[in-house]
Amino acid sequence: MNKKELFKNLLEKIKSIVEGKGGREEKLQRICQILKEKVPHYDWVGIYFADAERKELLLGPFAGEETEHMRIKFGQGICGQAAEKLSTFIVQDVSKETNYLACSPFVKSEIVVPIFKDGNFVAELDIDSHKLSPFSEEDKDFLEKVCEIISEVV
Ligand code: SME
């Protein structure tokens, strides 16, 4: 299956999870799991919820290794920068990013996509990869669509 077909199938699957039974955490957990399992270059997939008052991100459901970064201040690391930019942030080589919070020595690249609900920034989808420069425009378009779909449940 090529990337285009894979992403099309995954969007359908994610829609059905969002529309199906279960609570918020359970649905988001399943979506993180499916993205990690089905896309070979997605090695850690998680949701950070935004606390606008405290200007902090709080780790929600995730698939992959445990991380020490349970809370991240806006502006800190790739996730915190995305919370200030409020647009998709791709770092194809984390060794070149000085404002970076390392989770695992295997991580080489990262993409963070903000999630909006009724126009407000509410969460982020964060994906780490063990490959260098793995994120194409197709990944960006796909993950932005994923975030539109999951904004219903965050
Ligand atoms: N690397 C992120 C921290 C979160 S972990 O990837 C799970 C960052 O620099 O913000």
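With 33 residues, the main nonpolar core has Ile 14, Leu 35, Tyr 42, Ile 47, Leu 125, Phe 142 and Ile 150 as its most contacted residues. Broken down by secondary-structure element, the contributors of at least two residues to this core are α1 (3-19), α2 (24-38), β1 (44-51), β5 (109-117), β6 (120-129) and α4 (137-150). Among the elements that make up this core, the one with the highest residue count is α1 (seven residues). Apart from the residues within four sequence positions on either side, Leu 35 is in contact with Ile 14, Tyr 42, Val 45, Leu 125, Phe 142 and Val 146. If you look at the next biggest cluster of nonpolar residues, it comprises 18 residues, including Phe 62, Cys 79, Tyr 100 and Phe 121.

Take α2 next. Counted at 1.5 Å a residue, the expected span for α2 with its 15 residues is 21 Å, and the 21 Å between its end C-alpha atoms agrees. Among the residues making up α2, those that are buried are Lys 27, Leu 28, Ile 31, Cys 32, Ile 34 and Leu 35. Seen from one end, α2 has its buried residues packed into an arc of 165 degrees, which puts them on one side. Close packing links the buried residues of α2 with α1, β1, β2 (56-63), β6 and α4.

For β2, a buried count of seven out of eight residues is recorded, marking the element as mostly surrounded by other parts of the structure. Taking the residues between adjacent antiparallel strands as the criterion, β1 and β2 are bridged by four residues, where Lys 55 takes a positive phi near 55 degrees. Looking at chain direction, β2 and strand β3 (residues 71-73) are connected through three bridges and run antiparallel. By the bridge assignment, Leu 57 is partnered in β3 with Ile 72.

A few words on the packing of α1 against α4. Close contact between α1 and α4 brings their axes to 10 Å; oriented N to C, the two are set at 10 degrees. As the angle between them shows, α1 and α4 are arranged roughly parallel. The segment α1 lies against α4, with Lys 3, Lys 4, Phe 7, Leu 10, Leu 11, Ile 14, Lys 15 and Val 18 engaging Glu 138, Asp 139, Phe 142, Lys 145, Val 146, Ile 149 and Ile 150. Class assignment of the residues belonging to the contact of α1 with α4 gives a composition of nine nonpolar, no polar and six charged.

Scoring rules and cut-offs
Residues numbered from 1 in each chain as written. Predicted model: local features only at pLDDT ≥ 70, side-chain atom pairs only at ≥ 80, totals over all residues. Heavy atoms only, no water. Core = buried A, V, L, I, M, F, W, Y, C linked by side-chain atoms within 4.5 Å. Buried < 20%, exposed > 50% of the residue type's maximum accessible area, 1.4 Å probe, protein only. Helix = DSSP H or I, 4+ residues; strand = E, 2+ residues; numbered from the N terminus. Contact = heavy atoms within 4.5 Å. Expected span 1.5 Å × (residues − 1). Arc of directions from axis to C-beta. Pairing = 2+ DSSP bridges. Axes fitted to C-alpha atoms, helices over the stretch in contact; angles between N-to-C directions. Parallel < 35°, antiparallel > 145°, perpendicular 65-115°, else oblique. Nonpolar A, V, L, I, M, F, W, Y, C, P; charged D, E, K, R; others polar.

It is worth stressing that arrangement in space is one thing and function is another; only the former is reported here.
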